[in-house]
Amino acid sequence: MISENLKQVKQRIIEAAKRAGRNPLDIRLLAVTKEQNDVIVAEGVRAGMNLLGENKIQEARDKIESLGRNGLEWHFIGHLQKNKVKFVFGLFDLIHSVDSLPLAEAIHKKGQKVGCCMPILLQVNISGEKSKLGIEPLELLKEIHKFAKLEGVKISGLMTIPPFDSNAENSRSYFTRLRELRDTCSNLNIPRINLDELSMGMSNDYEIAIEEGATLVRVGTGLFGSRSSIKKMPLVE
Ligand SMILES: *Cc1c(COP(=O)(O)O)cnc(C)c1O
């Protein structure tokens, strides 16, 4: 069943890319495994998922320990507290959710210490909702030079989470704005800043996000089913 979901999602990614005149190979599917148990995630990996996304450090550590890293990339997509920065090195290949300059600075400092440059995306609060995390668009334009100086991070793109709306079409304008903000920032030609990646789109709106330029779509329930009831291991009688 999970392999069937994966096949369908991949097909829909291809179709959305074609509608937009894009190469489907430019879009990567991040399978969001948060709150799913290891048995189900292992099934997904066997079915061919190779990019996995988690939003909690401890849960990610447990999953990485049990599933390993062989042929897999693990991405962090949750809010990262500064005191947890030390854990992300060695665990994650990309952090999607760097939502402030001080957080980027903390990752940079740790990166310098361990002699590593952590690939990150900057999370943008494109809707401006007070409840949402992320850098405000105007703030990003003003501060992008400061991000560029942080040698312990490799800025690879932008990420956003639009306000939830059951009508996916209503997410489109947020995705468009993230792409336009990316283009504006890229046109500043700041050394060390490469914003090729656009992480946007979840289960209900990833096709719209692809039409608007997403390179990474983050799909959880669309692949694994609902998270609301944590699925338990089958009981052995
Ligand atoms: C949970 C989560 C997702 C996946 O959401 P679905 O609606 O299950 O696809 C994507 N991105 C982030 C940041 C998440 O926290």
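It should be noted that the structure appears before, not after, this text.
Cut-offs applied
Residue positions are given per chain, counting from 1 as you read along its sequence in written order. Thresholds applied to this predicted model are a pLDDT of at least 70 for local features of residues and 80 or more for the giving and counting of side-chain atom pairs; totals over whole chains, interfaces and linings are not thresholded and use all residues. The side-chain values count all of the structure's non-hydrogen atoms but skip hydrogen atoms and water molecules. Within 6.5 Å between ring centres, the rings of Phe, Tyr and Trp (the latter by its six-membered ring) count as paired, and their orientation is classed by plane angle as stacked under 30 degrees, edge-to-face over 60, tilted in between. Secondary structure elements are taken from DSSP: a helix is a run of H or I of four residues or more, a strand is a run of E of two residues or more, and numbering for both begins at the N terminus. The contact rule is simple, with two residues in contact once any of their heavy atoms fall within 4.5 Å. The pocket and cavity definitions rest on a 1 Å grid over protein atoms only: a 1.4 Å probe that fits but cannot leave marks a cavity, an open set with protein on both sides within 12 Å along at least five of seven lines marks a pocket, and residues lining either have an atom within 4 Å of a point. Grid points are joined across faces, edges and corners, and a volume is the space filled by probe spheres set on the points. Polarity classes work like this: nonpolar for Ala, Val, Leu, Ile, Met, Phe, Trp, Tyr, Cys and Pro, charged for Asp, Glu, Lys and Arg, and polar for all others, with Gly in that last group. Lines fitted to C-alpha atoms define the axes, with helix axes restricted to the stretch in contact, and inter-axis angles between N-to-C directions lie between 0 and 180 degrees. Note on terminology: angles under 35 degrees are roughly parallel, angles over 145 are roughly antiparallel, angles of 65 to 115 are roughly perpendicular, and the others are oblique. If you view the pair so one helix is near and one far, a crossing is left-handed when the near helix is turned anticlockwise from the far one by less than a right angle, and right-handed when it is turned clockwise. Put simply, buried Ala, Val, Leu, Ile, Met, Phe, Trp, Tyr and Cys residues joined by side-chain atoms within 4.5 Å make one nonpolar core. Note on classification: 1.4 Å probe, protein chains only; a residue is buried when its accessible area is under 20% of the maximum for its type, exposed when over 50%, partly exposed between these limits. Pairing between strands is defined by DSSP: at least two bridges between them are needed.

### Let's talk about the packing of aromatic side chains
Then, number 1: Applying the stated criterion across every chain, the model contains one aromatic pair.
Then, number 2: On the numbers, 5.1 Å between centres and 55° between planes, the contact of Phe 76 with Phe 92 is tilted. Taken as a pair, Phe 76 in strand β3 (residues 73-76) and Phe 92 in the loop between α4 (85-88) and β4 (94-98) lie far apart in primary sequence, 16 residues in all.

### Examining the environment of Gly 44
Then, number 1: Along the chain, Gly 44 turns up in helix α2 (residues 38-47).
Then, number 2: When the C-alpha positions of Gly 44 and Met 200 are compared, they lie 21 Å apart, and in sequence the two are 156 residues distant.
Then, number 3: Aside from chain neighbours lying at most four places away, what touches Gly 44 is Ile 2, Met 49 and Phe 224.

### Remarks on the layout of surface pockets
Then, number 1: Considered as a void within the structure, the largest pocket measures approximately 260 Å³ in volume.
Then, number 2: Around the largest pocket, the lining is made up of 13 residues, and of these Lys 10, Ile 13, Ile 27, Arg 28 and Leu 29 lie nearest the centre.
Then, number 3: Secondary structure elements with two or more residues in the lining of the largest pocket: α1 (2-19) and β1 (28-32).
Then, number 4: Element by element, the count of residues in the lining of the largest pocket is highest for α1, at four residues.
Then, number 5: Of the residues assigned to the lining of the largest pocket, the class counts are nine nonpolar, two polar and two charged.
Then, number 6: Volume-wise, the second largest pocket comes out at about 220 Å³.
Then, number 7: Along the walls of the second largest pocket sit 14 residues, with Val 32, Lys 34, Met 202, Arg 218 and Arg 227 positioned nearest its centre.
Then, number 8: Residues of the lining of the second largest pocket, tallied by class, amount to six nonpolar, five polar and three charged.

### Section: the packing of α2 against helix α3 (residues 57-67)
Working note: a packed helix pair is described by the angle between its axes plus the distance between those axes.
Then, number 1: At a closest axis distance of 11 Å, the pairing of α2 and α3 adopts a crossing angle of 55°. Classified by the angle between their axes, α2 and α3 sit oblique to one another. Regarding α2 and α3, the two cross each other, and that crossing is right-handed. Here α2 contributes Asp 38, Val 41 and Ala 42 to the contact with α3, which in turn contributes Lys 63, Ser 66 and Leu 67.
Then, number 2: Of the residues contributing to the contact of α2 with α3, the split by class is three nonpolar, one polar and two charged.

### Focus: the nonpolar core
Then, number 1: If you look at the biggest cluster of nonpolar residues, it comprises 66 residues, and the most contacted ones within it are Ile 107, Ile 120 and Leu 140.
Then, number 2: When residues no more than four places from it in sequence are discounted, the contact partners of Leu 140 are Leu 122, Val 124, Ile 135, Phe 147, Leu 158, Leu 181 and Cys 185.
Then, number 3: Leu 30, Val 32, Leu 94 and Leu 121 belong to the second largest nonpolar core, which has eight residues in total.

### Comments concerning the pairing of β1
Then, number 1: Where burial is concerned, most of β1 is hidden: four out of the five residues are buried.
Then, number 2: Relative to strand β8 (residues 216-219), β1 is paired through four bridges, and the arrangement is parallel. Residue pairing in the sheet places Ala 31 in a bridge with Val 219 of β8.
Then, number 3: Two strands pair when backbone bridges link them, and β1 and strand β2 (residues 51-54) are joined in this way by two bridges, in the parallel orientation. Across the sheet, the residue bridging to Val 32 is Gly 53, located in β2.

Remember that the coordinates give geometry; whether it matters functionally is a separate question.
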